[in-house]
Amino acid sequence: MKNKTRKSVLIIYTGGTIGMVQNPITKTYEPFNFKEIKAKVPELRRFDCKISTIQFSPPLDSTNINHTDWIKMATIIGDNYVKYNGFVILHGTDTMSFSASALSFMLENLQKPVIFTGAQLPIGIARTDGRENLLTAIEIATSEHNSKPSVPEVCIYFENKLYRGNRTVKNSAEYFKAFQSFNYPALAQIGVHLNFNFDAINYIPDHYPFTVHTALDSRIAILKFFPGISKETISLVINMPDLKGLVIETFGAGNIPYNEWFAEVIAQLIERGLVVLNVTQCITGSVEMGKYKTSETLAAAGVINGYDITTEAAIAKLMFLLGKNISRKEIVDAFRKAICGEITIVNT
Ligand code: ASP
């Protein structure tokens, strides 16, 4: 007799090291199709849940993934939302934090788990981390608590930890613990049991309508400050034709070298409608504009406080908000609060 409560998971295989094989001639790793993964993980057949797969064609090294692929992923989830209990996205680690951030904004009022995972070593290699990551991600995607999905968020699962996707950064190109969430606690720690940190998980009320947003505006840039940065370098970035949004990566609590020229130009651009967001280069802590003289002029010019947002989430949120075709004021207001847990606002 068929088990009616049998759960179902859709695996979206976008590519990444997990499914790569070594080219025998060039010795470089190249993405391969999902069959390769299935053959190497026979345990997949032992799960008491229905597993379906959709594969990107061709599978991509995530270095080549861009915002059009985020739209593809979000659309696949939207099209299949009612059919599955949860979703696992197999993705390269290089840009996984960007993709997870983007999907967290694009999938509004998400009530089901969307778990990104991948590997540092291909699944065909004996010491691979991919097998455990994949199997646990599926288990998390089908896990329930009080008859509801345990973690209805866009997450990254890697090396025993489950993180809110838009809080993560890839911080190691070497170790299996490739991701960190410096400003927000892990949503689960996996050992013998799946130990969820329920207090840290976002639960959306049932009656909020799930909506997929697919309009993104990529006319944005990042300007990373460094000691000795020249006026020419800054000019090149901020005078890009058709620029709509700019993330400035600043020092410490949001500081830039004291520079009247820059503040004036930025004020003019903001007056013309440009959205400028101040994100710290520090891995922990938050922007506090006005704390030092070196950031006072930015606040006065109308630069937006990025608080403790990661650069990855800032890029995604900026593309998402610009894509909505709303006023500059509405965008500024949306940056003052968390849309899906991407910033911590401490009321002072
Ligand atoms: N370059 C690979 C990718 O991001 C690295 C990985 O998967 O770990 O697709």
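Residues numbered from 1 in each chain as written. Predicted model: local features only at pLDDT ≥ 70, side-chain atom pairs only at ≥ 80, totals over all residues. Heavy atoms only, no water.

Once that is clear, we can look at helix α5 (residues 231–238). Looking only at α5, the buried set comprises Ile234, Ser235, Val237 and Ile238. Buried residues of α5 fall within an arc of 165° about the axis and therefore sit on the same side. Counted as exposed and oriented over 90 degrees from the buried face of α5: Glu232 and Leu236. Buried residues along α5 sit in contact with β17 (220–224), β18 (245–250) and α6 (260–271). (Buried < 20%, exposed > 50% of the residue type's maximum accessible area, 1.4 Å probe, protein only. Helix = DSSP H or I, 4+ residues; strand = E, 2+ residues; numbered from the N terminus. Arc of directions from axis to C-beta. Contact = heavy atoms within 4.5 Å.)

On to the site of the ligand. Near the ligand, the surroundings consist of Gly16, Thr17, Met20, Asp61, Ser62, Thr63, Gly92, Thr93, Asp94, Ala119 and Gln120. Within the side chain of serine 62, one N or O atom sits 2.5 Å away from an oxygen atom of the ligand. In the model, a nitrogen atom of the ligand is placed 2.8 Å from a nitrogen or oxygen of the aspartate 94 side chain. Look at the ligand: alone it shows 270 Å² of surface, and the protein chains cover 90% of it. (Near = heavy atom within 4 Å. Polar contact = N/O pair within 3.5 Å; in protein donor to acceptor, adjacent residues only side chain to side chain. Areas by Shrake-Rupley, 256 points an atom, 1.4 Å probe, with all protein chains shown as cover.)

What follows deals with unusual backbone geometry. Going from serine 57 to proline 58, the amide bond is cis rather than trans, its omega being 0°. The backbone of asparagine 146 shows a phi angle near 50°, a positive value even though the residue is not glycine. Structurally, asparagine 146 can be placed in the loop between β8 (144–145) and β9 (148–149). Accessibility expressed as a relative area gives 65% for asparagine 146, which makes it exposed. Positive phi, close to 60°, is recorded for serine 147, a residue that is not glycine. Relative to the assigned elements, serine 147 resides in the loop between β8 and β9.

This brings us to the side chain of asparagine 278. As for its placement among the helices and strands, asparagine 278 is situated in strand β19 (residues 275–280). Side-chain polar atoms of asparagine 278 contact the side chain of threonine 250, separated by 2.6 Å.

Next up on the list: the pattern of salt bridges. One pass over the structure, following the stated rule, counts 14 salt bridges. Ionic pairing is found between arginine 219 and aspartate 217, a salt bridge with its closest N-O pair at 2.8 Å. Judged by its relative accessible area of 35%, arginine 219 is partly exposed. Here the residues in one salt-bridge network are Asp217, Arg219, Asp242 and Lys244, joined through shared partners. (Salt bridge = Lys/Arg side-chain N within 4 Å of Asp/Glu carboxyl O.)

Moving on, we get to the packing of helix α3 (residues 96–106) against helix α8 (residues 311–323). Between α3 and α8, the shortest axis-to-axis distance is 8 Å and the interhelical angle comes to 40°. With respect to their mutual orientation, α3 and α8 come out oblique. Crossing handedness for the pair α3 and α8: right-handed. Of the residues in α8, those touching α3 at Ser97, Phe98, Ser101, Ala102, Phe105 and Met106 are Glu312, Ala313, Ile315, Ala316, Lys317 and Phe320. Across the contact of α3 with α8, the residue classes break down as 8 nonpolar, 2 polar and 2 charged. (Axes fitted to C-alpha atoms, helices over the stretch in contact; angles between N-to-C directions. Parallel < 35°, antiparallel > 145°, perpendicular 65-115°, else oblique. Left-handed = near helix turned anticlockwise from the far one by under 90°. Nonpolar A, V, L, I, M, F, W, Y, C, P; charged D, E, K, R; others polar.)

For the rest of this paragraph, the subject is the packing of helix α2 (residues 67–80) against α3. For the pair α2 and α3, the least separation of the axes is 10 Å and the interaxial angle reads 50°. The pairing of α2 with α3 is recorded here as oblique in orientation. Both α2 and α3 take part in a crossing whose hand is right-handed. Counting all contacts with α2, which are made through Trp70, Ile71, Met73, Ala74 and Ile77, the residues of α3 involved are Phe98, Ser99, Ala102, Leu103 and Met106.

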